[in-house]
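Chain by chain, the residues run as shown.
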Amino acid sequence: MKNSALHLAGLLAATLFSSTTLADELRLGLVLEPPHLDPTAGAAAAIDEVVYANLFEGLTRIDQNGAVQPSLATDWTISEDGTRYEFTLKEGVTFHDGTSFDAEDVKFSLDRARAEDSVNAQKGIFAPITKVEVMAPNKIAIEIASPQGNFLFNLGRGDAVIVAPESAETNQTNPVGTGPFKFVDWQQGSKVILEKNPDYVGNDVYLDRAIFTFISDPNAAQNAMLAGELDGFANFPAPETLEIFEADPRFDVVVGSTEGETILATNNKAEPFNDLRVRQAIAHVIDRQAIIDGAMFGYGTPIGTHFAPHHPYYVDLLDTYPHDVAKAKELLAAAGYENGFKATLKLPPPTYARRGGQILAAQLREIGIELELINVEWAQWLEDVFTKKDYDLTIVSHVEPFDIGIYANPDYYFQYDNADFQKLIEELNVSTDEARRKELAQEAQKILAEDAVNGYLFQLAKTGVWDARLSGMWPNSPVEGNDLTQVKWAD
Amino acid sequence: MRVFKQFASNFRHPSFAIGFVLSAVLIVLALLSLVWTPHPTNGVNIAARFGSPSLQHVIGTDFFGRDIFSMLMAGALTSLRVAVLAVGIGMVVGVPLGLLAAGHGGWLERLILRLNDFVFAFPAIITAIIITTLFGPSAINAMIAIGIFNIPVFARVARGGALSIWTLDYVDAARLSGLKVWQISVRHVLPNILSLLIVQATIQLSLGILAEAGLSYIGLGTQPPETSLGLMLKEAQSFFLAYPMQAVWPGLTIIIFVMALNLMGDGLRDQMDPKLSKAGGINVAG
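Everything quoted here is computed from the prediction, not taken from an experiment.

**Student:** Looking at this model, I keep getting lost on the overall build of chain A. Mind explaining?
**Tutor:** When you go through chain A residue by residue, the secondary structure sums to 14 helices and 19 strands. For a compact globule of 491 residues, the expected C-alpha radius of gyration is about 23 Å, and chain A comes in at 24 Å, within 12% of that figure. The C-alpha extent of chain A, read off along each of the three principal axes, is 75 × 60 × 35 Å. Put simply, chain A has 491 residues, and 56% of those count as buried. Pairs at least 24 residues apart make up 68% of the contacts formed inside chain A by residues separated by at least 6 positions. Taken as a whole, chain A presents about 19800 Å² of accessible surface, with 50% of it coming from carbon and sulfur. Charge separation in chain A, taken as the distance between the mean sites of 38 positive and 74 negative side-chain charges, equals 1 Å.

**Student:** In this structure, what is going on with the packing of aromatic side chains? I would like to understand it.
**Tutor:** Geometry of an aromatic ring pair is reported as the spacing of the ring centres plus the angle between the planes. A full pass over the atoms with the stated rule returns 33 aromatic pairs over all chains. Measuring from centroid to centroid gives 5.2 Å for Phe63(B) and Phe239(B), while their planes differ by 35°, and the two rings are tilted. Linking Phe63(B) in the loop between helix H2 (14-32) and helix H3 (68-104) with Phe239(B) in the loop between helix H9 (229-237) and helix H10 (245-272), this pair joins segments that are 176 residues apart in sequence. Phe239(B) sits in the buried class, given a relative accessible area of 2%. An aromatic cluster is present here, built from Trp378(A), Trp381(A), Phe386(A), Tyr391(A), Tyr407(A), Tyr412(A), Tyr413(A), Phe414(A), Tyr416(A) and Phe421(A) joined pairwise through their rings.

**Student:** Before we go on, may I ask you to explain empty space enclosed by the protein in this structure?
**Tutor:** Gaps left between atoms show up when a probe the size of a water molecule is rolled over them. Enumeration according to the criterion identifies 5 cavities of 30 Å³ or more in this entry. Of the pockets and cavities examined, the largest cavity occupies roughly 100 Å³. For the largest cavity, the lining is made up of 13 residues, of which Ala283(A), Arg288(A), Gly304(A), Tyr321(A) and Tyr456(A) are closest to its centre. Looking at the lining of the largest cavity residue by residue, the class counts come to 8 nonpolar, 4 polar and 1 charged. Estimates place the volume of the second largest cavity at around 70 Å³. Along the walls of the second largest cavity sit Asp62(B), Phe63(B), Arg66(B), Ile68(B), Met71(B), Met232(B), Glu235(B), Ala236(B), Gln246(B) and Pro250(B), which together make up its complete lining. Those elements that provide at least two residues to the lining of the second largest cavity are H3, H9 and H10 of chain B. Ranked by the residues each element gives to the lining of the second largest cavity, the list is headed by H9(B), at 3 residues.

**Student:** Help me understand the nonpolar core, please; the structure alone is not making it clear to me.
**Tutor:** Taken as a class, soluble globular proteins show a tendency for nonpolar side chains to be buried jointly. Counting 86 residues, the largest nonpolar core has Tyr407(A), Phe414(A) and Phe421(A) as its most contacted members. Those residues in contact with Tyr407(A) that lie beyond four places of it in its chain are Ile263(A), His306(A), Phe414(A), Tyr416(A), Phe421(A), Leu448(A), Val453(A), Asn454(A) and Tyr456(A). Counting residues in hydrophobic clusters, the runner-up holds 42 residues, among them Leu26(B), Ala76(B), Phe257(B) and Leu261(B).

**Student:** How should I be thinking about the interface of chain A and chain B in this particular structure?
**Tutor:** On the side of chain B, 18 residues touch chain A, which itself brings 19 residues to the contact. Between chain A and chain B, roughly 1600 Å² of surface is buried when both sides are summed, and carbon and sulfur atoms account for 59% of that area. It is Asn219(A), Phe297(A) and Gln358(A) in chain A that bury the most area against chain B; as a group they hold 30% of the surface buried on that side. Inspection of the chain A/chain B interface yields 0 salt bridges. Between chain A and chain B we count 5 residue pairs in polar contact (both at pLDDT 80 or more) in total. If you list the elements that add at least two residues to the side of chain A that touches chain B, you get helix H6 (218-226), helix H7 (242-246), helix H9 (288-296), helix H11 (351-365) and strand S15 (369-375) of chain A. In terms of residue count, the dominant contributor to the side of chain A that touches chain B is H11(A) (6 residues). Class assignment for the residues of the side of chain A that touches chain B results in 7 nonpolar, 6 polar and 6 charged.

**Student:** Mind showing me how you'd approach unusual backbone geometry here?
**Tutor:** Apart from glycine, the bulk of residues carry a negative phi angle, and the bulk of peptide bonds sit in the trans form. Omega for the bond connecting Glu271(A) with Pro272(A) falls within 30 degrees of zero, at -10°, which places this linkage in the cis form. Tracing the sequence through the fold places Pro272(A) in the loop between strand S12 (251-266) and helix H8 (276-285). Cis peptide bonds are those with omega within 30 degrees of zero, and the linkage from Pro224(B) to Pro225(B) qualifies with 5°. Positionally, Pro225(B) belongs in the loop between helix H8 (181-217) and H9. A positive phi angle is found at Phe402(A), which is not glycine, with a value near 50°. Structurally, Phe402(A) is set in the loop between strand S16 (393-398) and helix H13 (419-430). Phi at Phe50(B) takes a positive value of approximately 55°, unusual for a residue other than glycine. By the element assignment, Phe50(B) lies in the loop between H2 and H3. Look at Phe50(B) and you get buried, because its relative accessible area is 13%.

**Student:** Would you mind showing me how to read the UniProt feature "domain: ABC transmembrane type-1" (unreviewed entry) in chain B here?
**Tutor:** Feature annotation in UniProt assigns "domain: ABC transmembrane type-1" (unreviewed entry) to the following positions: residues 76-265 of chain B. Along residues 76-265 of chain B the backbone is 84% helical and 0% strand, and the end-to-end C-alpha distance reaches 19 Å.

**Student:** Just to check I follow, could you spell out the pattern of salt bridges for this structure?
**Tutor:** Oppositely charged side chains may form a pair once their charged atoms are brought near each other. In this structure the tally under the stated criterion is 25 salt bridges over all chains. Of the charged contacts, one joins Glu383(A) and Lys388(A) as a salt bridge, the two residues approaching to 3.3 Å between their closest N and O atoms. Residue class for Lys388(A) comes out exposed when judged on its relative accessible area of 52%. Salt-bridge contacts for Asp172(B) lead to Arg175(B); the nearest nitrogen and oxygen are separated by 3.3 Å. Taken together, the residues Asp172(B) and Arg175(B), both in helix H7 (residues 169-176) and 3 residues apart, mark about one turn of the helix. The exposure class assigned to Asp172(B) is partly exposed, which follows from its relative accessible area of 31%. For Arg175(B), a relative accessible area of 45% corresponds to the partly exposed category. Connected via shared salt-bridge partners are Arg84(A), Glu86(A), Lys131(A), Glu133(A) and Glu143(A).

**Student:** What exactly am I supposed to notice about the UniProt feature "transmembrane region" (unreviewed entry) in chain B here?
**Tutor:** Residue and element names in this part refer to chain B. Those places that UniProt annotates as "transmembrane region" (unreviewed entry) correspond, in this numbering, to residues 16-36, 80-103, 115-136, 189-220 and 240-263. Spanning residues 80-103, this segment combines 100% helix with 0% strand, and its end C-alpha atoms are found 33 Å apart. The span residues 189-220 shows a helical share of 91% and a strand share of 0%, and its end C-alpha atoms are spaced 38 Å apart.

**Student:** Looking at this model, I keep getting lost on helix H3 (residues 103-114) of chain A. Mind explaining?
**Tutor:** Residues three or four positions apart in an α-helix share a direction because the helix packs 3.6 residues into each turn. Residues and elements named next belong to chain A. Helix length check: H3, at 12 residues, gives a terminal C-alpha distance of 17 Å against a target of 16 Å (1.5 Å per residue), a fit within 8%. Turning to H3, its buried residues number three or more, namely Ala103, Asp105, Val106, Ser109, Leu110 and Ala113. Buried residues along H3 cover an arc of 160° about the axis, so they all sit on one side. Buried-residue contacts for H3 involve strand S5 (84-89), helix H4 (123-126), strand S6 (129-136), strand S7 (139-144) and helix H5 (151-155). A distance of 2.9 Å separates the backbone nitrogen of Glu104 from a side-chain oxygen at the start of H3, and that oxygen is part of Asp102.

**Student:** Would you explain the sheet that holds strand S4 (residues 73-78) of chain A in this entry?
**Tutor:** Two pairing modes exist for strands in a sheet, parallel and antiparallel, and in both the strands are linked by backbone hydrogen bonds. Residue and element names in this part refer to chain A. Across the sheet, 4 strands lie side by side as S4-S5-S7-S6; this open sheet has antiparallel pairing. Edge strands, defined here as strands with exactly one partner in the open sheet, are S4 and S6. If you compare each strand with its neighbour and ignore which way they point, the axes differ by 20° on average. Bridging between S6 and S7 involves 6 bridges; their strand directions are antiparallel. Across the sheet, residue Val134 finds its bridge partner in S7, namely Ile140. Of the strands in this sheet, S5, S6 and S7 are in contact with H3, which crosses S6 at around 170°.

**Student:** I'm lost on the packing of H2(B) against H10(B) in this one. Help?
**Tutor:** Between two packed helices, what matters for the description is the angle formed by their axes and the separation of those axes. Residue and element names in this part refer to chain B. Put simply, H2 and H10 touch, their axes get as near as 7 Å, and they point 135° apart. It follows that H2 is oblique to H10 by the angle criterion. Remark: the crossing between H2 and H10 carries left-handed chirality. Counting all contacts with H2, which are made through Ser15, Phe16, Ile18, Gly19, Phe20, Leu22, Ser23, Leu26 and Ile27, the residues of H10 involved are Thr253, Ile256, Phe257, Met259, Ala260, Leu261, Leu263, Met264, Gly267 and Leu268.

The rules behind these values
Residues numbered from 1 in each chain as written. Chains lettered and ligands numbered in written order. Predicted model: local features only at pLDDT ≥ 70, side-chain atom pairs only at ≥ 80, totals over all residues. Heavy atoms only, no water. Helix = DSSP H or I, 4+ residues; strand = E, 2+ residues; numbered from the N terminus. Rg over C-alpha atoms; globule rule 2.2 N^0.38 Å. Buried < 20%, exposed > 50% of the residue type's maximum accessible area, 1.4 Å probe, protein only. Contact = heavy atoms within 4.5 Å. Areas by Shrake-Rupley, 256 points an atom, 1.4 Å probe, with all protein chains shown as cover. Lys, Arg positive; Asp, Glu negative; His and termini not counted. Charge placed at Lys NZ, Arg CZ, Asp CG, Glu CD. Phe/Tyr/Trp six-rings, centres within 6.5 Å; stacked < 30°, edge-to-face > 60°. 1 Å grid on protein atoms, 1.4 Å probe; cavity = no way out; pocket = protein on both sides within 12 Å on 5 of 7 lines; lining within 4 Å. Points joined across faces, edges and corners; volume = space filled by probe spheres on them. Nonpolar A, V, L, I, M, F, W, Y, C, P; charged D, E, K, R; others polar. Core = buried A, V, L, I, M, F, W, Y, C linked by side-chain atoms within 4.5 Å. Buried area = accessible area lost by both parts, 1.4 Å probe. Salt bridge = Lys/Arg side-chain N within 4 Å of Asp/Glu carboxyl O. Polar contact = N/O pair within 3.5 Å; in protein donor to acceptor, adjacent residues only side chain to side chain. UniProt positions renumbered as here; feature names shortened; annotations may be inferred. Expected span 1.5 Å × (residues − 1). Arc of directions from axis to C-beta. Pairing = 2+ DSSP bridges. Axes fitted to C-alpha atoms, helices over the stretch in contact; angles between N-to-C directions. Parallel < 35°, antiparallel > 145°, perpendicular 65-115°, else oblique. Left-handed = near helix turned anticlockwise from the far one by under 90°.

What follows is the structure in structure tokens.
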């Protein structure tokens, strides 16, 4: 293992538990413990962070670049009109409990996810499906109402994994999937242990064991890493301590991107934010780099609209409203607020919000906008801000991939109601032509930037810290999860 | 004149003198932050963060580029305010209870004492956790929690002091002349246990500052953008390996503040307690 003392401990453990060598074990830290382990029955990203691609598999999977790859489906064909998908399934696959996998399991899983009483957190993914048809034990067809641009991507998300009818009900506590790792133990409040699945059909994984340890306190996380109690954090909770790890040759610090657009969400129906000039003034006075430096210690990429900068459709709109305090004051005066005004800024617990909020308040003060900072817990945020829309401003990160469509919903908590934009998204949703999709997505980004719907701050970085001898960890997270299938220790 | 003389004689007590001077300096600086700090405490200047001590920023700047000295002044004020009001809560509720227990005696005294024991059994931290779970973390809730913790402390001291006064002849005289229990308590007992209460208040003040720092440190007290000494310590903790001085300054301030108030309290007690002081001082007959 890592050094002689640990090696000894490893040998000792190996003898004690009469298992094979523990040499290829990974102890990964996670900030949040999942509420349960069934990705088809919960919205918490923490579930996917343990089970995605490791324990459960879908028809497709998303690779570390965000591209769709075959998984349980080895290949597929799409009909001319884009409404019928036929998948060929991998053969000889069994679930971890020994039951066999075939097209019936796929039909069961998809029908379960799209059923009336489904508890799937992303039911929208399955809404377009009109029929799931078993053609042969290794062939399945899915029909959808209208062409979907990102249907294959959606089938690769954690919410669309394939489960067995025998074990679907107990997956929350004893998950049974088809993946290269199987579930061993969950010590609540502490860790989840996965072990290599010897019967896996496909490329073997390098690790024998994976232990996910839950540590939410940044200081405890730092201490655990420095003491060698953990091998890594896929996303380290405290950006301010990264320089310690950067200076330490034992660790690699890998800064990647996430799908998290961090925004100053604005209530577009509340006075005075319903006035475009007020929103423009705010856009002019926001200094994104200062927020990234001050709140995230430089980790983050500025964004000018609600879109991930690493996405091929991204347009750089940072200069739509360049930092210009004089111009901001003019706009505010034109809107009738030459002396500024008072408003509230509700801040959920993450650092980007709590620290970012203080910096933002100082920036807005320059043009006379006095913000009262109100700290809220997540439950309260979901209730007051997200559900009741009782807020002026808030800071939050939207972590779902390709989620620009939320602006087409006038009831969404931004309360942004723009008929042109809604039409645009409608067309984007049904269009499968790559060039047209790009054009539409870029047009949508521009509208949002120009309307200054929200204050667009930065793309949340994924700041991974792990043992320098590890390879195969994902630098980015195009989808919620920690895919360990390619992770290995250097010899 | 007598007060002044008393004060001057107190000053010959070295720990009182040290404690008094240090506390006075800190309290004056804290109060000064109401109207003036060297730099604004809500001014964020990211470019200037983690600055070293300089002519402009005597002990450097914090992670938001704010002047640490100004932050300490404002933080000390919050800590002091919480501690003073918590002591206030403890005295306003605790002292009458103690006086009542001593004056009335019997079942009422036993009831008050048992209730006291019950509240006393909960450390301030536990009380604070209960309160913040119910009402959310804030400086006010921390203050209430520490205040509740102070109630039995003052009730005990008041009762203990009052019991000895109730045995004195002039109290008997007052009783014979027809005064009611509460009248005797207010007119004769309270003035005579005041010195005891002042000593206790000084000590509780230091404990209050410590408790506020502790509660803010674990996230149950003052919340940003307000500041307090405990909160500064909490915020500095994550930078400790890279910028240790960020944590040293608020930590040092808490130590000095608490030590100063304790020294002052001890000094006062030495002067006022007849058993400890040959001079006798201002008590009983005062």
